[in-house]
Amino acid sequence: MRTYLALGFISASIIGFQLALIQILSIVQWYHFAYMVLSVALLGFGAAGTVIALFRKRLLKWYAGLVPNLMIISGFGMAMVLPLSQSTPFRFDSYLLFTEYTETGKLAASYMLYFIPFFTGALAIGLIFIEKVEEIGKVYFANLAGSAMGGALSILFSWTYFPSQLPALNALLAIAAGILMIQKGLKISVFLYTVLTSLSVVYYLFFPPELFLSQYKSIETTLNLPDAHIERETSSPYGLMQSVTSPAFRYAPGLSLAYKGVIPERTAIFNNGNWFGVIPGPEDFSAEGVLNYTTGALPFHVGTPTKVLVLNSGTGMEVAHAFAHGAEEVTAVEPNAGALQMTEDHLPDFERLTPASSNLITLRRSARTFLMQDRHSYDLITLPMVDAFGGSSGLKALHEEYLLTRESFRNMRDRLGDKGMLSVSCWMDYPVRGPLKILATLVEVVKENGEDPRRHIIAIRSWGTITFLYKRSTFTAEQLQNTRSFCEELLFDPVLLPDIRSGEREEHNVMQDGKFFEYVDALLTQRPSNFYHDYSFNITPATDNRPYFSQFLRWKTIPDLSKIFGKGTLPFLELGYLMLIITLIQIILLSAILIIAPLFRLGWKGRHRSWTFGYFGAIGIGFMLVEIVLIQHFILYFGNAVYATSGVITVLLLFSGIGSYLSSRYELSKKQIRSLFLLIGGLLVLYVFLLKYLLALTITFHSWEKAGLVLIILAPLSVLMGFPFPAGLKRLNDNNGQELIPWGWGINGCASVISTALATLLAVELGFAAVMLIAAVAYCIPAILRFRGL
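In this text, all values refer to a predicted model and were calculated from it rather than measured experimentally.

Draft legend 1. Spatial organisation of the overall build of the protein chain. Scanning the protein chain from terminus to terminus reveals 29 helices and 12 strands. What you see for the protein chain is a C-alpha radius of gyration of 28 Å, in line with the 28 Å of a compact globule of 790 residues. For the protein chain, with 790 residues in total, the buried portion stands at 60%. A sequence separation of at least 24 residues applies to 78% of the contacts in the protein chain between residues at least 6 apart. Accessible surface, the protein chain as shown: approximately 31,600 Å² in total, 60% of it carbon and sulfur. Mean positive and mean negative side-chain charge positions of the protein chain (60 and 57 charges, respectively) differ by 15 Å.

Okay, here's the thing in structure tokens:
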């Protein structure tokens, strides 16, 4: 029993450490390194399997003393990884990877540093698997159940501890596992070693190391201002929220050149080091607010909306802006609980500042999920500013932005009243990508309804921003004149009007590239698909199946872009996507070096070689692809990425563990195993065609009802997916294929490692439905191999 409990603890600590490391790297670098962490974790398991294969007898001889020590070393490694990775020899900067070769070396060194605790923990788990191979189903259940517990605990811990404390917290679980595995007759030296290790870990729990963020993170550039300092910090599953004050900090996005007032000092809010918003002041609830002098004020000059919906309302600046223009009811939708609390802490009088006759409704939920649930109509719907000043270097290329998909714009249109408006503001970037993709999405949604986009979409721009305004009914002559008057007063330029005049577009702000207007006109007058095909960047509207709005890179145009902008500049146009490619290449090489190559010492022999390669490779790829796609489906369903990820991982691992346990109790025939794989593949195909519609039909369910539905949907599939791995190992063992068991383990580990990055790459290029179909094919491969008698 102690062994099973220890196995559960070490498994929970590894999953928890993995999730903690993802959050920390999202803070000090960017979100893209989540794939690196996942691959390093799986690489550790694959390499551990290879070491066991090579030195099995020797390791089992030392089993009693080796396993607890490996667990304790893994825990100590978890605690030490953070302070070491933040030291100069290991600390790298993503932005410099393509310009300074030393940064590439630091990245590789960090990769190996993160690898150590995963490898030692996995080695302990693997030795337990081998020692108790006769009870493999029960052992695998304890492993997966512990992993599921680790995912659930991570959510709990992230509410009460800061990210820098989480590695040490998970390390204590690993050390506790090691203590449980220590045999009777403990030597005093082992006791002292365990106590000293535990004290070191506890030290880092209460005195966590400082996090050094990339110098290019938004918060770092803000802290360079005079007398800037972090005023408040809060942590939650939504990330690390920080507020920064400086007497020099101002906020006025694309402010009119005609503005003559004094821009007030502001408090800036950051989430995981990235820009989030500013705390509004009392003047923002009046005509004196700076947003009145930006292109985002256009809808209030075109009409007089009284019922306003503000999506992803953030800190409430757009809410204040709506009240400043006489809105009677404002619904603010913001999913980040930490942001709402931060705003309340800095501006406790927020609601008091709203007009007495008005009504403010604040909802803490995903904007897109709200749109799918809501049945009210609005005079105006506003979105947060898209992109960042000067562009974002493609850093958001792998972020799923469900609010900016074609289906989302369709949902917004359906929520507008007969004369309702939808306002979207965007920073102008160069080369132009974001504004064109926004316009392309609007045009497609408008045309779907049989409307002429030239009569329903107008746009104006300043020196740095552009605002698109869609109106469900056509714009009147008076509204068009109001638009021109607004532009003339604040030195803005119209970009789109039904009666736009020659020379009107650059009267006050001359474009660096005048072709922008040609692109705009082409999107309105040509077949959009023709323009998408010819343009150098991917501006095809994002969809729920491919929700990567900020992914603009097109492989076939890379040579042309390199000639225009230079090879050294290209990475900074699409840095995020290129980082994924680098990660994929790294893990393929490391998997080959650390997992596959050493196995050749054992020899690649046996009459079941082809079957072993196909069987274990297929289930390794299939499982990871399914996990990643299901997470995406349920992010949209629950409206919360953190809970959806934790929930899917917990259910998948827990019920896969139950499947593994059942595999040890019920002997499956060859025919039954073939049927099992075909059933899994069939269920996945069914999910591709039905899951989206089932979730849409039940989107209005309460959270507990949704949780129950998730169990009903995922539990049967997860149980079935828990059978193949232990069943495959047992099949080799029972058919004189013992020499191929290490290969099965290694091939499965290698396939899983590669699939973490590959799944995202496939999703970006092909969509989630295609990834799920590929997973279904992968699960059918073992059945086909069986049918061929291999």
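There's more to say after this.
Draft legend 2. Main features of empty space enclosed by the protein. Summed over all chains, the structure comprises 5 cavities of 30 Å³ or more. Its boundaries defined by the atoms lining it, the largest cavity holds a volume of some 130 Å³. What lines the largest cavity is Ile136, Ser663, Tyr666, Glu667, Leu668, Ile673, Phe723, Pro726, Ala727, Lys730, Arg731 and Asp734. Ranked by residues supplied to the lining of the largest cavity, first place goes to helix α27 (residues 724–734) with 5 residues. In this structure, the second largest cavity encloses a volume near 100 Å³. The wall of the second largest cavity is formed by 14 residues, among which Leu25, Val28, Ser85, Gln86 and Tyr114 lie closest to the centre. Of all elements in the fold, only α1 (2–28), α4 (63–85) and α5 (101–131) reach the threshold of two or more residues within the lining of the second largest cavity. Here the residues of the lining of the second largest cavity sort into 9 nonpolar, 4 polar and 1 charged.

Draft legend 3. Up close: the pairing of strand β2 (residues 239–250). The element β2 is largely enclosed, with a buried count of 9 among its 12 residues. The pairing of strand β1 (residues 229–236) with β2 spans 7 bridges and is classified as antiparallel. Bridge pairing links Ile230 to Val244 in β2. With antiparallel pairing between neighbouring strands as the criterion, β1 and β2 make up a hairpin whose turn holds 2 residues. Of the pairings in the sheet, the one linking β2 to strand β3 (residues 265–271) comprises 6 bridges and is antiparallel in character. Looking at the pairing, Thr245 lines up with Thr267 of β3.

Draft legend 4. A look at the packing of aromatic side chains. Applying the stated criterion to the full structure yields 28 aromatic pairs. With a centroid separation of 5.6 Å and 25° between ring planes, the pair formed by Tyr251 and Trp275 is classed as stacked. Of this pair, Tyr251 sits in the loop between β2 and β3 while Trp275 sits in strand β4 (residues 274–278), and the two are 24 residues apart along the sequence. When its relative accessible area of 37% is taken as the criterion, Trp275 is described as partly exposed. Note on Trp611 and Phe616: the rings are 6.1 Å apart at their centroids and 80° apart in plane angle, and the pair reads as edge-to-face. Each of the two residues, Trp611 as well as Phe616, counts as buried. Put simply, the rings of Trp611, Tyr615, Phe616, Phe677 and Phe725 pair up and form one aromatic cluster. Over the face of the ring belonging to Tyr637 we find Lys706, whose NZ or CZ atom lies 4.9 Å from the ring centre.

Draft legend 5. View of helix α18 (residues 477–490). The first and last C-alpha atoms of α18 sit 20 Å apart over 14 residues, in line with the 20 Å expected at 1.5 Å per residue. Listed in full, the buried residues belonging to α18 are Gln479, Leu480, Thr483, Arg484, Phe486, Cys487 and Leu490. For α18, the angular spread of the buried residues around the axis is 155°, confining them to a single face. The exposed residues of α18 that point more than 90 degrees off its buried face are Ala477, Glu478 and Glu489. The secondary structure elements touched by the buried residues of α18 are α10 (298–302), β10 (457–461), β11 (465–471) and β12 (493–496).

Draft legend 6. Structural context of the pattern of salt bridges. The full count for this structure, using the stated rule, is 16 salt bridges. Across the pair Asp452 and Arg454 runs a salt bridge whose closest N-O atoms are separated by 3.4 Å. The class of Asp452 is partly exposed, set by a relative accessible area of 27%. By relative accessible area, Arg454 is classed as partly exposed at 44%. Put simply, Arg484, Asp499, Arg501 and Glu504 are held in one network by salt bridges that share partners.

Draft legend 7. Highlighting the packing of helix α23 (residues 609–638) against helix α24 (residues 641–665). Running from N to C, α23 and α24 cross one another at 140°; their axes reach a closest spacing of 8 Å. Classified by the angle their axes make, α23 and α24 are oblique. Seen from above, α23 lies across α24 with right-handed handedness. Contacts from Phe623, Glu627, Leu630, Ile631, Phe634, Ile635 and Phe638 of α23 reach α24 at Ala641, Ala644, Thr645, Val648, Ile649, Leu652 and Ser656.

Draft legend 8. A look at the sheet that holds β4. Pairing within the open sheet is antiparallel, and its 4 strands lie in the order β1-β2-β3-β4. Of all strands in the sheet, those bounded by a partner on one side alone are β1 and β4. The average angle at which neighbouring strand axes cross in this sheet is 25°, direction not considered.

Draft legend 9. Molecular detail of the nonpolar core. Met71, Phe616, Val626, Leu630, Phe634, Leu684 and Tyr779 are the most contacted members of the largest nonpolar core, which totals 165 residues. Setting aside residues no more than four positions away along its own chain, Leu630 makes contact with Val648, Leu652, Tyr687, Leu691, Leu714, Leu717 and Met772. Counting 53 residues, the second-largest nonpolar core is a separate cluster that includes Leu436, Phe468, Val520 and Leu524.

Draft legend 10. Main features of α23. In this model, α23 (30 residues) spans 43 Å end to end at C-alpha, consistent with the 44 Å of a helix rising 1.5 Å per residue. Taken across its 30 residues, α23 has 24 buried, putting it largely inside the fold.

So, how was this worked out
- Per-chain numbering applies: the sequence of each chain, read as written, is numbered from 1 onward.
- Whole-chain, interface and lining totals are the exception, using all residues; otherwise, since this is a predicted model, local features are given only for residues with pLDDT of at least 70 and side-chain atom pairs are given and counted only at 80 or more.
- Only hydrogens and water are removed before side-chain values are computed, so all heavy atoms of the structure are retained for them.
- Strands here are runs of E lasting at least two residues and helices are runs of H or I lasting at least four, both read from the DSSP assignment and numbered beginning at the N terminus.
- C-alpha atoms define the radius of gyration, and 2.2 Å times the number of residues to the power 0.38 defines the globule rule.
- Under the scheme applied here, a residue whose accessible area is under 20% of the maximum for its type counts as buried, over 50% as exposed, and between as partly exposed, the area being computed with a 1.4 Å probe on protein chains only.
- Every residue pair with non-hydrogen atoms within 4.5 Å of one another is taken to be in contact.
- For accessible areas, the Shrake-Rupley method is used with a probe of radius 1.4 Å. Any residue's cover is judged against the shown protein chains and nothing else.
- His is not counted here, nor are the chain ends, while Lys and Arg score as positive and Asp and Glu score as negative.
- In this description, the location of a charge corresponds to atom NZ of lysine, CZ of arginine, CG of aspartate or CD of glutamate.
- Space inside and on the surface of the protein is sampled on a 1 Å grid over the protein atoms alone, with a cavity defined as a set of points where a 1.4 Å probe fits but cannot get out and a pocket as an open set with protein on both sides within 12 Å along at least 5 of 7 lines; lining residues have an atom within 4 Å of a point.
- Grid points are joined across faces, edges and corners, and a volume is the space filled by probe spheres set on the points.
- Polarity classes work like this: nonpolar for Ala, Val, Leu, Ile, Met, Phe, Trp, Tyr, Cys and Pro, charged for Asp, Glu, Lys and Arg, and polar for all others, with Gly in that last group.
- Two strands qualify as a pair provided DSSP detects at least 2 bridges between them.
- Aromatic contacts are taken between Phe, Tyr and Trp rings whose centres are within 6.5 Å, Trp giving its six-membered ring; a plane angle under 30 degrees counts as stacked, one over 60 as edge-to-face, and the others as tilted.
- By the criterion adopted, a ring carries a charge over it if an Arg CZ or a Lys NZ lies within 6 Å of its centre and within 35 degrees of its normal.
- To estimate the expected span of a helix, count its residues, drop one, and scale the result by 1.5 Å.
- This arc describes the spread of directions from the helix axis toward the C-beta atoms.
- When a carboxyl oxygen of Asp or Glu lies within 4 Å of a side-chain nitrogen of Lys or Arg, that pair is called a salt bridge.
- Only the stretch in contact is used when a helix axis is fitted, and all axes are lines through C-alpha atoms; the angle between N-to-C directions ranges over 0 to 180 degrees.
- Working definition: roughly parallel below 35 degrees, roughly antiparallel above 145 degrees, roughly perpendicular at 65 to 115 degrees, and oblique for all remaining angles.
- For any helix crossing, the convention is left-handed if the near helix is rotated counterclockwise from the far helix by under a right angle, and right-handed if that rotation is clockwise.
- Buried Ala, Val, Leu, Ile, Met, Phe, Trp, Tyr and Cys residues that are joined via side-chain atoms within 4.5 Å together make up what is termed a nonpolar core.

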